[in-house]
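Fold and contact review
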Amino acid sequence: MGVMLQKSGLLWLSVLITLWGFSDAQDGEKEEETTFDLLQISNINRKTIGAKLFRGPDPTIPAYRFIRFDHIPPCKPEKLKKIVKLIRQNEGFILSATLRQDRQSRGTILALEGPGISERQFEIISNGRANTLDLIYWVDGFQNVISLEDVDLADSQWKNVTMQITGENYNLYVGCDLIDSFILEEPFYEQLKAENSRMYVAKGSIRENHFRGLLQNIQLIFDTSIEDVLRKKGCQRSQSTAEVNTINESTEILHLSPAVTTEYVGEKSEKAEFCDRSCEELGSMFTELTGLRIVVNNLADNLQKVSEENQIMWELIGPNKTLKNQSVCWQDGRVFADNESWIVDSCTKCTCQDSKIVCHQITCPAVSCVDPSFVEGECCPVCSHSDDSEEGWSPWSDWTKCSVTCGSGTQMRGRSCDVTRSACTGPHIQTRMCSFKKCDHRIRQDGGWSHWSPWSSCSVTCGVGNITRIRLCNSPIPQMGGKNCVGNGRETEKCEKVPCPVNGQWGPWSPWSACTVTCGGGIRERSRLCNSPEPQYGGKPCVGDTKKHDMCNKKDCPIDGCLSNPCFPGAECNSYPDGSWSCGPCPAGYLGNGTVCEDLDECIAVSDVCFKVNHAHRCVNTNPGFHCLPCPPRYKGSQPYGVGLEAARTEKQICEPENPCKDKTHSCHKSAECIYLGHFSDPMYKCECRTGYAGDGRICGEDSDLDGWPNNNLVCAANATYHCVK
């Protein structure tokens, strides 16, 4: 029996694919003009900063997770003008998307912003905390919120959703099922403007409203009915008659054949080799395990009930039973034969037709009395007498309006009696039941802030950092056009820790000084400073000597007038036969007459000898000579030094901006791509694992199934669970 069902399913699947392909071939030109791929017309691709590429249910179409929402580009202006024009012409739109939203998160799927910087015309938000899909729009400066309930979108599973906002209808389909619907009171789409406006995907008005999860194949569709859109997704109505397919007040979910499925991508579990969790995390894990045990016990009880029901079904349709080839229906643990009818409640009647349950609401006939009575277990009102005669009565008047605008009410009509002709037996007023859409018992309420959360720990262990606290607009949540909370949901303040220690580093050696004598053996010296940088806040001092000495001019001195060293050290002394002497010019780096010399400040004489930052000198004058400080952070270059004006003019310092990606000084993994973000960006570059690998970029592991997670757990330095640990 299972093989036959499988063959039959494959045959129908091939027929549906053929019909779908034929329908697409005929409607190709129409879709090109009336279908807009929002990711494509927003120029969102793998090069978009903050957009990570993933593999979704459809491997031919890219799926994205957004990390930097301030870099999400809007739709092209010329495409936005066409979209707004089509929204007005079609009195709305149909939004189709495949998404996997993070559990219990709240995020914007689509928003139209403008014409002001912070103004929004409408946005569609999936609120996982309240389990609703909210349509928020602004008319004449007032905000309106329409919520579809029990949507179950934020559960970390792939969902194929279709949102219909056309005319007065606001409907949500997940796969092929109608989850919830609402009647719009005013056509907000007539107020939409394209000029100076921007349409965004996944970008919320505030940080808390950014979409957290994966998006794929998000489209706006026009000039196409919702039935055709669902049919192209492979959905078919499960019941044939128009009466059954009509959505009435008792219909909770309209079931269609689920040709479009959702996929759940599970985690690849591996046994941890060591425990790296804190006591608080382990305590939280034990609390969650206790809750999971209760859930598992409930699932086990439900599984036992299903097993018992399957056993009953097998006894009915098994190989040894007479009902094997007959049509039966199953509801609430009871089995009904084909064409058998039963009452579900006092006003709903169901019938078994070819193994399908068809239910409809019982229609009550008009009653001929003013005060009808209701019998326990019966849906329709009855009168206490049945005597009625039309003799002497005028025709009945039209029925009055229903006594209620929602739910169940009554209608009345009357007639008059001509007493000159007859005594007129029977009532002069009739009453019947009437019903409209279900009453919405929600009330309009403005949003209110929750209590502030405790301050977070400081973001640094030394130096200056930040602490943050948040609050949520959920006490209560705004609904039915209520106002949003006024103010910020996040506060940040500076926090100061002890200053971070800075270890000292030696600067360059100064040039050798002039020898203390010109002959007979003297001493010269050079020095260095611990200033590149200086030790601060408990940092370690430089290790080594600040001065170094060396022997010089070891040759024997001649007997002449220069024996008394009358000249400045380093200046040439000339003696004459009469015992007189004269001094040559001062050595390099000094100014004077040879007998008296003073140090030359090369840093002032050649002002551009060293690289400047914010017009600040980075040149250090020594006696004699000079040297430049190292290039500032994020620059690279030389650190020249020398003695005299000639050395200062020829040996100038050149510092160039660093490019870690170009210089191969980055810390990206060998299987990752280094992307340079700019000299003033922090950080200057980012690392992204190449296709076939996954991780944080610093560490990448093989990703054979291209699902964005590595085959094996990685030990990442920061944010260790993001694409590093399954």
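Residues numbered from 1 in each chain as written. Predicted model: local features only at pLDDT ≥ 70, side-chain atom pairs only at ≥ 80, totals over all residues. Heavy atoms only, no water.

**As for the sheet that holds strand E6 (residues 120–127)**
Quick note on the threshold: When DSSP finds at least two bridges between two strands, those strands are taken to pair. For the purposes of this entry, the term helix denotes a DSSP run of H or I that reaches at least four residues, the term strand denotes a run of E that reaches at least two, and both are numbered from the N terminus. Interaxial angle, 0 to 180 degrees, is taken between N-to-C directions of lines fitted to C-alpha atoms, where a helix line uses only the stretch in contact.
Pairing in this open sheet of 5 strands is antiparallel, and the strands run E8-E7-E6-E5-E12 from one edge to the other. Looking at the sheet topology across the chains shown, the edges are occupied by strand E8 (142–149) and strand E12 (198–201). Here the average twist between neighbouring strands, direction ignored, is 15°. Across 4 bridges, the pairing between strand E5 (residues 106–113) and E12 is antiparallel. Counterpart to Leu110 in the pairing with E12 is Val201.

**Some words on the confidence of the model for the protein chain**
As a reminder of what qualifies: Each residue carries a pLDDT score, the predictor's own confidence in it, on a scale running from 0 to 100. Contact definition: two residues touch when any of their heavy atoms are within 4.5 Å.
Overall, the predicted model of the protein chain reaches an average pLDDT of 80, with 82% of residues at or above 70. Across the protein chain, the element-wise mean pLDDT spans from 36 in helix H5 (residues 242–245) up to 94 in strand E4 (residues 92–101). For residues 1–31, every residue scores under 50 in pLDDT, and the model assigns this stretch 10 contacts once sequence neighbours within four places are set aside. For residues 238–274, every residue scores under 50 in pLDDT, and the model assigns this stretch 66 contacts once sequence neighbours within four places are set aside.

**Topic: the packing of aromatic side chains**
Definition in use: Two rings belonging to Phe, Tyr or Trp (six-membered ring only in the last case) form a pair when the distance between their centres is within 6.5 Å. Interplanar angles under 30 degrees mark stacking, angles over 60 mark edge-to-face geometry, and anything in between is tilted. Exposure is judged per residue with a 1.4 Å probe applied to protein chains only, and the accessible area is read against the type maximum: over 50% gives exposed, under 20% gives buried, and values in between give partly exposed. Two limits define a charge over a ring: the Lys NZ or Arg CZ must be within 6 Å of the ring centre, and within 35 degrees of the ring normal.
This structure, assessed with the given rule, holds 9 aromatic pairs. With 5.9 Å between their ring centres and 55° between their planes, Phe122 and Phe188 make a pair best called tilted. Of this pair, Phe122 sits in strand E6 while Phe188 sits in the loop between strand E11 (177–183) and E12, and the two are 66 residues apart along the sequence. Residue classification places Phe188 among the buried residues on the basis of a relative accessible area of 2%. Note that Lys203 overlies the ring of Tyr200, its terminal NZ or CZ placed 4.4 Å from the centroid. When the ring centre of Trp393 is taken as reference, the NZ or CZ atom of Arg415 above it lies at 4.2 Å.

**Concerning helix H3 (residues 77–90)**
This is how the line gets drawn: The span you would expect from a helix comes to 1.5 Å times its residue count less one. What the arc describes is the spread of directions from the helix axis to the C-beta atoms.
For H3, with 14 residues, the first-to-last C-alpha span of 20 Å sits near the 20 Å given by 1.5 Å per residue. Residues of H3 that are buried include every one of Leu80, Ile83, Val84, Leu86 and Ile87, and no others. The buried residues of H3 occupy one face: seen down the axis, they fall within an arc of 165°. Exposed and facing more than 90 degrees away from the buried side of H3 are Lys81, Lys85 and Gln89.

**Let's talk about the environment of Pro508**
Relative to the helices and strands, Pro508 resides in the loop between strand E24 (490–496) and strand E25 (522–527). Pro508 gets classed as buried once you look at its relative accessible area, which sits at 16%. In this structure, Pro508 is in contact with Ser527, Arg528, His627, Cys628 and Gln639, ignoring residues within four places of it in sequence.

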